[in-house]
Amino acid sequence: MTRTTARVLRRIIGFDAQGMVSLFLWATRRRDGVPPGGVAVSYSREQTSTMLLWLFAMAVELVGVDIVLRAMDVPEPVRLAVLVLDAYGVLIGLAVLAACITRPHVVTPGHLRIRYGAFFDLRIPRDLITEVRHARNFNETGLVTVDDDRLAVAVASQTNLIVELSEPVTAIRPLGRRAQARTIRFFADDPRTALQALRPREEYAAEV
């Protein structure tokens, strides 16, 4: 096994573990990584209904496949193995949804933390931020993409906030690759909340 493969496997195992923790946080109505005085900026609303429909379809398929396998007199060990794999897929889907809900973006006096569930986590020191603005883009092509020094963290192919930095920061992409980014696009359910938290109060009041 190569180092790259081992690194990817470790990250995937880590995603699963954090997803299980996120299910517990979701069930107990708690959030991860939001300190006292920090502003939580959610980003999951645009995708939640779609993901729930997808999970419902997966659950229906699980039941349907089991009925078909029973009708075909498939040996019970095989049927149970298929059932476990399908059920695990539903569980992972729920974990991804829970991670997006319980791990919001966070703004504190010291940093901006941009996240996507358990898959992406970038901390940006506030003193590196030179500009933040609202700009909608409905044509993002991936979850976490990098083009030159421009990083996009999209939700449902959308971003609506742009942060410009005075110098690049290092972002670790979901499977472990590193990239330098100086312009960052990301999505927030309520971009006004993020703008108000990130900008000096006088500047925000003058704009709105």
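Whatever comes next refers back to the structure up there.
Because the structure is a prediction, the values reported are computed rather than measured.

Examining the side chain of Arg103
Argument step 1. With respect to the helices and strands, the residue Arg103 is situated in the loop between α3 (76-102) and β2 (105-107).
Argument step 2. On the accessibility criterion, Arg103 (7% relative accessible area) is buried.
Argument step 3. For Arg103, the side chain forms a polar contact with the main-chain oxygen of Gln18, separated by 3.3 Å.
Argument step 4. One polar contact links Arg103 to Ser22, side chain to side chain, over a distance of 2.9 Å.
Argument step 5. The contact partners of Arg103, leaving out residues within four places of it in the chain, are Gln18, Val21, Ser22, Asp32, Tyr43, Arg115, Gly117 and Ala118.

A closer look at the side chain of Gln158
Argument step 1. As for its position among the elements, Gln158 is in the loop between β7 (150-153) and β8 (159-172).
Argument step 2. Excluding anything up to four places from it in sequence, Gln158 contacts Glu46, Arg136, Asn137, Phe138, Glu140, Val153 and Phe187.

Digging into the pattern of salt bridges
Argument step 1. For the coordinates displayed, the defined rule picks out ten salt bridges.
Argument step 2. The shortest N-O distance in the salt bridge between Asp66 and Arg79 comes to 3.0 Å. Here Asp66 is found in helix α2 (residues 45-71), whereas its partner Arg79 is found in helix α3, with 13 residues between them in sequence. Like Arg79, Asp66 is buried.
Argument step 3. Salt bridges sharing partners connect three or more residues here, namely Asp32, Arg103 and Arg115.

What about the packing of α2 against α3?
Argument step 1. Two elements in contact, α2 and α3, have axes separated by 10 Å at closest approach and are oriented at 175°. In terms of their interaxial angle, α2 and α3 are classed as roughly antiparallel.
Argument step 2. Of the residues that constitute the contact of α2 with α3, the class distribution is 17 nonpolar, four polar and four charged.

Notes on α3
Argument step 1. Under the 1.5 Å per step criterion, the end-to-end length of α3 is 38 Å for 27 residues, consistent within 8% with the ideal 39 Å.
Argument step 2. For α3, the full list of buried residues reads Arg79, Val90, Gly93, Ala95, Val96, Leu97, Ala98, Ala99, Cys100 and Thr102.
Argument step 3. In this fold, the buried residues of α3 make contact with α1 (3-27), α2 and β3 (111-116).

Some points on the sheet that holds β2
Argument step 1. In space, the four strands of this open sheet follow the order β1-β2-β3-β4, with antiparallel pairing throughout. Edge positions in the sheet fall to β1 (39-41) and β4 (120-125), since each has one partner strand and no second. The mean inter-strand angle of the sheet, taken between neighbouring strand axes irrespective of direction, is 15°.
Argument step 2. The pairing of β1 with β2 spans three bridges and is antiparallel. Counterpart to Val41 in the pairing with β2 is His105.

What about the sheet that holds strand β5 (residues 129-137)?
Either a parallel or an antiparallel arrangement is found when strands of a sheet pair, and the pairing is made through backbone hydrogen bonds.
Argument step 1. The strand order across the open sheet built from five strands is β5-β8-β9-β7-β6, with neighbouring strands paired in mixed fashion. Sheet topology places β5 and β6 (144-147) at the edges, where each strand pairs with a single neighbour. With strand direction ignored, the average angle separating the axes of adjacent strands in the sheet is 35°.
Argument step 2. In this structure, β5 lies alongside β8, joined through six bridges in antiparallel fashion. When the bridges of β8 are listed, Asn137 appears paired with Thr159.

Reading the values: rules and limits
Residues numbered from 1 in each chain as written. Predicted model: local features only at pLDDT ≥ 70, side-chain atom pairs only at ≥ 80, totals over all residues. Heavy atoms only, no water. Helix = DSSP H or I, 4+ residues; strand = E, 2+ residues; numbered from the N terminus. Buried < 20%, exposed > 50% of the residue type's maximum accessible area, 1.4 Å probe, protein only. Polar contact = N/O pair within 3.5 Å; in protein donor to acceptor, adjacent residues only side chain to side chain. Contact = heavy atoms within 4.5 Å. Salt bridge = Lys/Arg side-chain N within 4 Å of Asp/Glu carboxyl O. Axes fitted to C-alpha atoms, helices over the stretch in contact; angles between N-to-C directions. Parallel < 35°, antiparallel > 145°, perpendicular 65-115°, else oblique. Nonpolar A, V, L, I, M, F, W, Y, C, P; charged D, E, K, R; others polar. Expected span 1.5 Å × (residues − 1). Pairing = 2+ DSSP bridges.

The quantities given are spatial measurements derived from coordinates; they are silent on function.
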